[in-house]
Amino acid sequence: MGELPDGAAHLSFDGRTLHAGRGPGRCFMIDARCLQGEPVSGAYAHVCALPDEDAALEFDQTEVQQVRRDAMAWWIPLLGDALVSLTTLALDEARYGGAITVTREPVTWREDPFARIFPGTVVRSDLFCPVLPPAGPVVERYAGVAWPGGRF
Amino acid sequence: MSLDPGEPFPDLDLPDHTHRQRMLSEVASGDPVALLFSRGWWCPKEQRHLREVTAAQDEFEVAYARIVVVSIDRPEVQSAFRAGLGARFTFLSDAERAWLPRLGLLEETDTLHHPYRPTAFTLYPDLTIHAAYDGNWYWGRPTIEDLRKDMRAISRAVRKDFER
């Protein structure tokens, strides 16, 4: 994983815990806004990703397109005020490694559309701050900047 | 308040369909916008028009353009209506009529609901009005082709690499 593009931050996941930056486990690029404000203490992060380096798809694959459409259509409305922030996990300019939905309380994780691609693990975390959910689009703006981050 | 092409559209501050407070400029987030004022979920003309707009949402999404609907429906009603349409774009609720009188868009003929008059605007990312449509008569509303042309014109003006 090379230099970080503007709007991206590193996050590591070892299968059980999350670390900001290059920590133990697999390193991803996330929407940096998720780490740039006052964090929510004890939040619930549903990490739909695997530590296995082979667990990756291209962002352009229809499955990855569709789970973001579903997030916009009903996952975000379903979460309501419980939602803190969400981000996809980019591996490089083209590959999707998963997604994280962060909430203030436990929710119906079985509904998480991102879990259709990689299974979810709930991790308690003090890393994530509130970010207004995206109003669109469902495709990333710049290669390597994890959706929904980035601006033209 | 003038809502003519070339004028700035007010930066509406309203709750969205999930009750989150939003600014129109934040929803636009640097993209061209199709802003649709809608009577409400009950109106068959709105249902028809928004079904057509929803059918075009895939195109807006991949073209980095936004669709925003404003009505006097409450957020939970908008959320249900939006789900029924299969829409993924943002609805803003002016159930309190905070902006309706300031915008001068009251539908005078509906004395039961006091809704917005069906109007539409296409906006530059900085909310400058590109085009305005009066949808009092259904044919006055923008067709998808109208919106396509407006989004192309706005994108050509604001995306520096539109023509390379």
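Up top is the structure these notes are about.
Here is a short report on the structure shown in this document. Please read these numbers as outputs of a predicted model, since none were measured by experiment.

1. A few points about the overall build of chain A
Broken down by element type, chain A carries one helix and eight strands. Counting from the amino terminus, chain A carries its helices and strands in the arrangement β-β-β-β-β-α-β-β-β. For 152 residues, the compact-globule formula gives about 15 Å, and the C-alpha radius of gyration of chain A, at 14 Å, lands near that figure. With the principal axes as the frame, chain A shows a C-alpha extent of 35 × 30 × 30 Å. For chain A, with 152 residues in total, the buried portion stands at 55%. Expressed as a percentage of contacts within chain A between residues at least 6 apart in sequence, the contacts between residues at least 24 apart total 70%. Only carbon and sulfur atoms are counted for the fraction: they give 48% of the accessible area of chain A, which is about 6,500 Å². Seen as two clouds, the 13 positive and the 20 negative side-chain charges of chain A have centres 4 Å apart.

2. Section: the packing of aromatic side chains
Per the counting criterion, the structure on display carries ten aromatic pairs over all chains. On the basis of an interplanar angle of 80 degrees and a centroid distance of 5.9 Å, the ring pair of Y138(B) and W139(B) is categorised as edge-to-face. Judged by relative accessible area, which is 21%, Y138(B) ranks as partly exposed. On the basis of relative accessibility, which here comes to 79%, the residue W139(B) falls in the exposed class. Looking at R124(A), its charged tip hangs above the ring of Y44(A), at a distance of 4.0 Å from the centre. Over the ring of W99(B) we find R102(B), and its NZ or CZ is 3.8 Å from the ring centre.

3. Topic: the environment of F152(A)
By secondary structure assignment, the location of F152(A) is in the segment after strand 8 (120-125). Linking F152(A) and R141(A), residues eleven residues apart in sequence, is a C-alpha distance of 7.1 Å. Beyond its immediate chain neighbours, meaning those up to four positions away, F152(A) contacts R141(A), Y142(A), D31(B), Y64(B) and R159(B).

4. Some remarks on helix 4 (residues 75-85) of chain B
Taken together, the buried positions of helix 4 of chain B are occupied by P75(B), Q78(B), F81(B), R82(B) and L85(B). In an axial view of helix 4 of chain B, the angular spread of the buried residues amounts to 120 degrees, which keeps them on one side of the axis. Away from its buried face, by an angle of more than 90 degrees, helix 4 of chain B presents the exposed residues A80(B), A83(B) and G84(B). The elements touched by buried residues of helix 4 of chain B are helix 1 (62-79) of chain A together with helix 2 (44-55), strand 4 (66-71) and strand 5 (90-93) of chain B.

5. Observations concerning the interface of chain B and chain A
Often the size quoted for an interface is simply the accessible area lost on bringing the parts together. At the junction of the two partners, chain B supplies 20 residues and chain A supplies 20 residues. Considering only the side of chain B, the residues that lose the most area to chain A are R20(B), Y64(B) and R88(B), jointly responsible for 37% of the buried surface there. At the surface where chain B touches chain A, the tally comes to six residue pairs in polar contact (both at pLDDT 80 or more). Elements with a minimum of two residues in the side of chain B that touches chain A: strand 2 (21-23), helix 1 (24-28), helix 3 (57-62) and helix 4 of chain B. Its residues assigned to classes, the side of chain B that touches chain A comprises four nonpolar, seven polar and nine charged.

6. With respect to the pairing of strand 7 (residues 129-134) of chain B
Residue and element names in this part refer to chain B. Sheet analysis places strand 6 (residues 119-123) next to strand 7, joined by five bridges and oriented antiparallel. Opposite L123, over in strand 7, you have I129 as the bridge partner. The loop that links strand 6 with its antiparallel partner strand 7 comprises five residues; one of these, L127, has a positive phi angle of about 75 degrees.

7. Focus on the sheet that holds strand 5 of chain B
Residue and element names in this part refer to chain B. Read across the open sheet, the five strands follow the order 5-4-3-6-7; overall the sheet is mixed. Every other strand in the sheet has two partners, leaving strand 5 and strand 7 as the edge strands with one partner each. Averaged over all neighbouring strand pairs, the angle between strand axes comes to 20 degrees, with direction disregarded. Sitting on the sheet, helix 6 (residues 144-158) touches strand 3 (33-37), strand 6 and strand 7, and the angle it makes with strand 7 is about 165 degrees.

Criteria and cut-off values
- Residues numbered from 1 in each chain as written.
- Chains lettered and ligands numbered in written order.
- Predicted model: local features only at pLDDT ≥ 70, side-chain atom pairs only at ≥ 80, totals over all residues.
- Heavy atoms only, no water.
- Helix = DSSP H or I, 4+ residues; strand = E, 2+ residues; numbered from the N terminus.
- Rg over C-alpha atoms; globule rule 2.2 N^0.38 Å.
- Buried < 20%, exposed > 50% of the residue type's maximum accessible area, 1.4 Å probe, protein only.
- Contact = heavy atoms within 4.5 Å.
- Areas by Shrake-Rupley, 256 points an atom, 1.4 Å probe, with all protein chains shown as cover.
- Lys, Arg positive; Asp, Glu negative; His and termini not counted.
- Charge placed at Lys NZ, Arg CZ, Asp CG, Glu CD.
- Phe/Tyr/Trp six-rings, centres within 6.5 Å; stacked < 30°, edge-to-face > 60°.
- Lys NZ or Arg CZ within 6 Å of the ring centre and 35° of its normal.
- Arc of directions from axis to C-beta.
- Buried area = accessible area lost by both parts, 1.4 Å probe.
- Polar contact = N/O pair within 3.5 Å; in protein donor to acceptor, adjacent residues only side chain to side chain.
- Nonpolar A, V, L, I, M, F, W, Y, C, P; charged D, E, K, R; others polar.
- Pairing = 2+ DSSP bridges.
- Axes fitted to C-alpha atoms, helices over the stretch in contact; angles between N-to-C directions.

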